[in-house]
Amino acid sequence: MRPYRHGRDIHAECSGVLGLVGLMGRAGGGQDRREWRNWAGTASATPARWCRPRSAGEIVAAVKEAAAAGLTVRALGSGHSFTPVAATDGVAVDLSLWTGIVAADTRTGLVTVRSGTTLRALNAALDGLGLAMANLGDIDAQTLAGALCTGTHGTGALLGGLATQVEALELILADGSVASCSGSARPDLFAAARIGLGALGVISTVTLRCVPSFTLTADERPMPVEQVLEQFDSLAAGNDHFEFYWFPYGRQALVKRNNRVPADGAPGPGAMPGWRRFWEFEVMENAGFGTLCRIGRAAPRLIPALNRFSSAALSRRSYTEVSHRVFVTPRRVRFTESEYAVPRESLVGVLRELRRSVPRLADPVMFPVEVRVAAADDIWLSTAYQRETAYIAIHQYSGLPYRAYFDLFESIVADVEGRPHWGKMHGIDAARLGRLYPRHQDFRRVRAEVDPEGRFASPYLIRVLGQP
Ligand SMILES: Cc1cc2nc3c(=O)[nH]c(=O)nc-3n(C[C@H](O)[C@H](O)[C@H](O)COP(=O)(O)OP(=O)(O)OC[C@H]3O[C@@H](n4cnc5c(N)ncnc54)[C@H](O)[C@@H]3O)c2cc1C
């Protein structure tokens, strides 16, 4: 997929320096203040207008004014998608002022949240209420709605992605009307909009079903990758949250097992002291690994050796902390990423094929491969729709060539009906996605009903969903 650079240079009423500064700050910064750019630098755009609503009424007004001006609309999250899914040359609705918890019931765990709230802010607020999200991905910089819209997930054989934790949504539709949906109210809209790619409207609030806050014991240790593949099923089934990282030229994998500490059970190994957290996450995993990556970018022939060094340097650690501090780690080294969901039983075959193929690539690979799992769910555009799933995420350090690697990966997962993560790099179009996602056509039907004129369309959405 090519980097996105698309836009018209129109200044309009909604624009404002404040909005731009905030937007660039969250999306990762850039020289040109009129430009939107994503975290990875793989997509950019120049919206015709910028809006920064503070209320649902202002979101309605932004959508209506866009319609009157004949412009398309995209809601913006934190810019952490690698694809141009959020990019627009129409009206960019920056929701960074539309944040916070609207209502919380600690008895039922139902919490209604404004859509622009970041996961970081949400986790902290839930903590204060004695609640938590049952599962999370590995960073917390995303907005809640942005994370939901692309099907963001963590890991856990019995758990779904973030969207499975949604109980109800409120959206501003293309005609400016406000729609509420849930399993019982407008269920088709709900089945579509929980992972809606921002194609159905601007989500104003999300009602989550949270769980009482819990602690996790993290157990991270190196294991020979062959052994991990042999034991994959039992490792996935035997841990609440199982994942592993594998450096493509190394023989070791880093196996991560995060398990809930029962309220009445043994307390676990204890929290990681602050200095050690700083050393391990900031110094070793970010500053240290970032230095190796820069060496690799300057001298690519060293990459396989650097990669083997990183693999051999993997070490063991174990600690117990409140769940979100275990799920989430800082990611400061920039990279590009592609991730596919494959039927769980295909994982081992795909990984073996990837292991065989990567050494044949002309451009070596600096970053590790990450493997996670999820339970099947019923959300129409979920990568785990009606399928016990394994996720394989491949990465390359920013500035190093990645296209041949990603194409190779895509050709391997194509044989097992791999479904691409909506926020990560892939080259698949609507025709093929229609075969991979059994409810793709239903999604398009709902989209035609709620957005007949394509108010929320964009070039990326036309590629993956077809013409409005
Ligand atoms: C370092 C890093 C780590 C990551 N880790 C994980 C991981 O562990 N698991 C995983 O699955 N993914 C992961 N991702 C991918 C990331 O979670 C998704 O791409 C996510 O969508 C980004 O959220 P965002 O807030 O940045 O949204 P954006 O990328 O800004 O937008 C995503 C989509 O949401 C739409 N949108 C945003 N707000 C609204 C709204 N209010 N109403 C309607 N539509 C809206 C946008 O229009 C766009 O279509 C990672 C990405 C990075 C860069």
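Residues numbered from 1 in each chain as written. Predicted model: local features only at pLDDT ≥ 70, side-chain atom pairs only at ≥ 80, totals over all residues. Heavy atoms only, no water.

A.B. asks: Would you mind going over the site of the ligand with me for this structure?
C.D. replies: The environment of the ligand is formed by 36 residues, the closest being A75, H80, S81, G146 and T150. Between the ligand and the protein, one listed contact pairs an oxygen atom with a backbone N or O atom of S78 at 2.9 Å. In this structure, an oxygen atom belonging to the ligand sits 2.7 Å away from a main-chain N or O atom of H80. Counting residues per element, the shell around the ligand draws most heavily on helix 4 (residues 144-149), which supplies 4 residues. When its residues are assigned to classes, the shell around the ligand shows 15 nonpolar, 17 polar and 4 charged. (Near = heavy atom within 4 Å. Polar contact = N/O pair within 3.5 Å; in protein donor to acceptor, adjacent residues only side chain to side chain. Helix = DSSP H or I, 4+ residues; strand = E, 2+ residues; numbered from the N terminus. Nonpolar A, V, L, I, M, F, W, Y, C, P; charged D, E, K, R; others polar.)

A.B. asks: Where do I start with unusual backbone geometry in this structure?
C.D. replies: Negative phi is the rule for most residues except glycine; trans is the rule for most peptide bonds. Positive phi values are uncommon outside glycine, yet Q386 reaches one of about 50 degrees. For Q386, the position within the fold is in the loop between strand 19 (369-374) and strand 20 (389-397). Not every positive phi belongs to a glycine, and E417 is a case in point at roughly 60 degrees. Relative to the elements of secondary structure, E417 occurs in the loop between helix 12 (403-414) and strand 21 (419-420). Judged by its relative accessible area of 38%, E417 is partly exposed. (Buried < 20%, exposed > 50% of the residue type's maximum accessible area, 1.4 Å probe, protein only.)

A.B. asks: Got a minute to help me understand a nonpolar patch on the surface in this structure?
C.D. replies: On the surface, W275, W279 and M284 cluster together into a nonpolar patch covering about 410 Å² of accessible area. Topologically, W275 is positioned in helix 8 (residues 274-298). (Patch = residues over 30% accessible without salt bridge, like charges linked within 9 Å, V, L, I, M, F, W, Y side chains within 5 Å. Areas by Shrake-Rupley, 256 points an atom, 1.4 Å probe, with all protein chains shown as cover. Salt bridge = Lys/Arg side-chain N within 4 Å of Asp/Glu carboxyl O.)

A.B. asks: Just to check I follow, could you spell out the pattern of salt bridges for this structure?
C.D. replies: Close approach of charged atoms allows side chains with opposite charge to pair. Taken as a whole, this structure holds 25 salt bridges when the rule is applied. Residues D105 and R107 are paired through a salt bridge, measuring 3.6 Å at the closest nitrogen-oxygen approach. For D105, a relative accessible area of 28% puts it in the partly exposed group. Between E337 and K424 there is a salt bridge, with its nearest N and O atoms 2.7 Å apart. With E337 in strand 18 (residues 335-343) and K424 in the loop between strand 21 and helix 13 (430-436), the pair connects residues that are 87 residues apart, well separated along the chain. Connected via shared salt-bridge partners are D138, R331, E337, E339, E370, R372 and K424.

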